[in-house]
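One letter stands for each residue in the lines below.
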Amino acid sequence: MKNTAKIIVKLAMLVLFLYVTPFYDGLLNCFENSQDFMHNLIYHQQVVAQDISLKKQLNVWSYNENLTLPKDEIKVETTLEDPMIVPGDNKQEKKENSLDASTDKKQNVPSNGKKIYIYNTHQDEKYQGGKTVMDAAVILAGHLEKKGYKVVLETNDFNAYCNTHGLTYNDLYTVSNKYLNDALVNYGGFDLCIDLHRDSVPRAYSYIKIGNKTYAKAMMVVAGSSSNVKSATKISTTLTDMVNKRKNGIMKHVMTRQEAYYNQYVHKGIVLMECGSDYNTFEEVKNTLGIVAQGIDELMKKGW
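Residues numbered from 1 in each chain as written. Predicted model: local features only at pLDDT ≥ 70, side-chain atom pairs only at ≥ 80, totals over all residues. Heavy atoms only, no water.

Asker: Describe the pairing of strand β5 (residues 150–153), and please don't skip the residues or the numbers.
Answerer: Direction of pairing for strand β1 (residues 77–78) relative to β5: parallel, over a ladder of two bridges. Paired with Glu77 across the strands is Val152, a residue of β5. In the sheet, strand β4 (residues 115–119) pairs with β5 via four bridges, with the strands oriented parallel. Pairing of Tyr117 across the sheet is with Val152, part of β5. Once the chain exits β4 it traverses helix α5 (residues 133–145) before rejoining the sheet at β5, and the crossover so formed is right-handed. (Pairing = 2+ DSSP bridges. Helix = DSSP H or I, 4+ residues; strand = E, 2+ residues; numbered from the N terminus. Right-handed = clockwise from strand over helix to strand, strands pointing away.)

Printed below as a string of structure tokens:
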């Protein structure tokens with residue numbers, strides 16, 4: 001009996017508490033407006049903009065406007081659509097993701113079994129003449145594929161994603177983080193991930209002439225606040241030395257930004273490279289990327 005009395009007292013106190021707090025009025029209001037109450041129980045998708053197609057809402061883009069190279073010049077695998085995971089055997093079968101569907105995409109180069117992911121957090125960074133860092137990524141990817149690497153080029157539109165989800169330029173590393181993680185899952189990881197940027201320095205600091213060729217200067221940037229700062233520093237320093245061994249002066253000294261993360265904490269093999277500036281021609285950028293690809297090849301063969 002004593003236990004029953006205690007339960008009754010506790011229930012009475014609970015009812016009294018609910019009655020004297022706003023909870024009672026709110027609950028009563030919900031049931032009085034039963035139509036609104038049922039509406040609140042159902043999930044409703046918010047439409048951000050009426051002119052956004054279903055394809056764009058799913059973040060599948062037919063062609064990124066920051067890629068200015070003609071489609072027939074682009075012969076590398078892209079993330080325009082996610083690869084299919086073949087059930088049962090853990091292997092990946094790519095869809096026809098290339099921007100060029102020709103049969104000689106890799107020119108029958110034997111694969112060395114290593115995978116590289118190239119993306120551009122700031123996709124609309126431009127060079128002289130209008131070409132962008134995304135076009136530079138295509139060039140680098142092409143050089144690496146000729147050396148036997150499986151290269152995946154990130155072509156989802158980061159700026160459009162920002163516009164669709166109410167994000168700003170300052171959120172682009174968050175956006176690239178999303179697609180970086182998607183790619184790591186969809187493709188089963190990578191041996192190296194390169195975030196390719198462009199610097200904003202005056203012309204005098206952006207190029208070097210070696211022989212009869214002019215090259216855009218490049219620089220590796222390490223995130224000092226990343227948990228993978230040691231591996232990023234090692235890769236960046238080694239690659240800088242290997243490139244300069246071929247054409248001394250192309251690579252500037254490695255820069256470490258102590259306050260930065262640059263998503264390098266996501267994976268030990270993530271590096272950030274700035275190639276050229278807004279004062280460089282795309283031809284100069286192409287000249288540099290050919291040498292950088294040689295350095296990357298040596299780095300991957302020797303290990304980091």
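Asker: Tell me about empty space enclosed by the protein, and name the residues and values.
Answerer: For the structure shown, the criterion picks out one cavity of 30 Å³ or more. There is about 30 Å³ of room inside the largest cavity. Considering the residues around the largest cavity, the lining is formed by Asp199, Val201, Ser206, Lys217, Ala218, Met219, Lys252, Glu274, Cys275 and Gly276. Elements with a minimum of two residues in the lining of the largest cavity: β9 (218–223) and β11 (270–277). When residues in the lining of the largest cavity are grouped by element, the largest group, three residues, is from β11. (1 Å grid on protein atoms, 1.4 Å probe; cavity = no way out; pocket = protein on both sides within 12 Å on 5 of 7 lines; lining within 4 Å. Points joined across faces, edges and corners; volume = space filled by probe spheres on them.)

Asker: Could you give an account of the nonpolar core, with specific residues and numbers?
Answerer: Ranked by internal contacts, the top residues of the largest apolar core, which has 44 residues, are Ile116, Ile118, Leu140, Leu144 and Ile296. With residues near it in sequence (within four places) discarded, Leu140 still touches Ile118, Ile194, Leu289, Val292, Ala293 and Ile296. Membership of the second largest hydrophobic core comes to 16 residues, among which are Val152, Tyr161, Cys162 and Leu184. (Core = buried A, V, L, I, M, F, W, Y, C linked by side-chain atoms within 4.5 Å. Buried < 20%, exposed > 50% of the residue type's maximum accessible area, 1.4 Å probe, protein only. Contact = heavy atoms within 4.5 Å.)

Asker: How would you sum up helix α7 (residues 172–186)? Please name residues and give values.
Answerer: Compared with the 21 Å implied by 1.5 Å per residue over 15 residues, the 21 Å span of α7 between its first and last C-alpha is a close match. Three or more residues of α7 are buried, namely Leu172, Val175, Ser176, Asn177, Tyr179, Leu180, Ala183, Leu184 and Asn186. Positioned one or two residues after α7, Gly188 has a phi angle of 75 degrees, which is positive. (Expected span 1.5 Å × (residues − 1).)

Asker: Tell me about the packing of aromatic side chains, and name the residues and values.
Answerer: Under the criterion given, the structure shown has eight aromatic pairs. Plain terms: the ring middles of Tyr127 and Phe282 are 6.1 Å apart, the flat faces sit at 50 degrees to each other, and that makes the pair tilted. Taken together, the positions of Tyr127 in the loop between β4 and α5 and Phe282 in helix α9 (residues 282–302) put the pair 155 residues apart, joining distant regions of the chain. Considered together, Tyr127 and Phe282 belong to a single accessibility category, that of buried residues. On the basis of an interplanar angle of 80 degrees and a centroid distance of 5.7 Å, the ring pair of Tyr161 and Tyr179 is categorised as edge-to-face. Here the residue Tyr161 occupies a position in helix α6 (residues 158–164), and Tyr179 occupies one in helix α7, the gap between them amounting to 18 residues. Grouping residues by exposure puts Tyr161 and Tyr179 together as buried. An aromatic cluster is present here, built from Tyr117, Tyr119, Tyr187 and Phe190 joined pairwise through their rings. (Phe/Tyr/Trp six-rings, centres within 6.5 Å; stacked < 30°, edge-to-face > 60°.)

Asker: Tell me about the environment of Gly295, and please be specific about residues and values.
Answerer: The topology assignment puts Gly295 in helix α9. Note on Gly295: relative accessible area 0%, which makes it buried. When the C-alpha atoms of Gly295 and Asp241 are compared, they prove to be 8.4 Å apart, with 54 residues separating the residues in sequence. Not counting residues up to four positions away in its chain, the partners in contact with Gly295 are Leu239, Met242, Val243 and Arg246.

Asker: Summarise the layout of surface pockets; cite the residues concerned and give the values.
Answerer: By volume, the second largest pocket amounts to about 230 Å³. Elements with a minimum of two residues in the lining of the second largest pocket: β6 (192–199), β9, β10 (255–257) and β11. Of the residues forming the lining of the second largest pocket, the biggest block, three residues, is contributed by β6. Class assignment for the residues of the lining of the second largest pocket results in six nonpolar, three polar and five charged. (Nonpolar A, V, L, I, M, F, W, Y, C, P; charged D, E, K, R; others polar.)

Taken by themselves, the reported measurements are silent on function.
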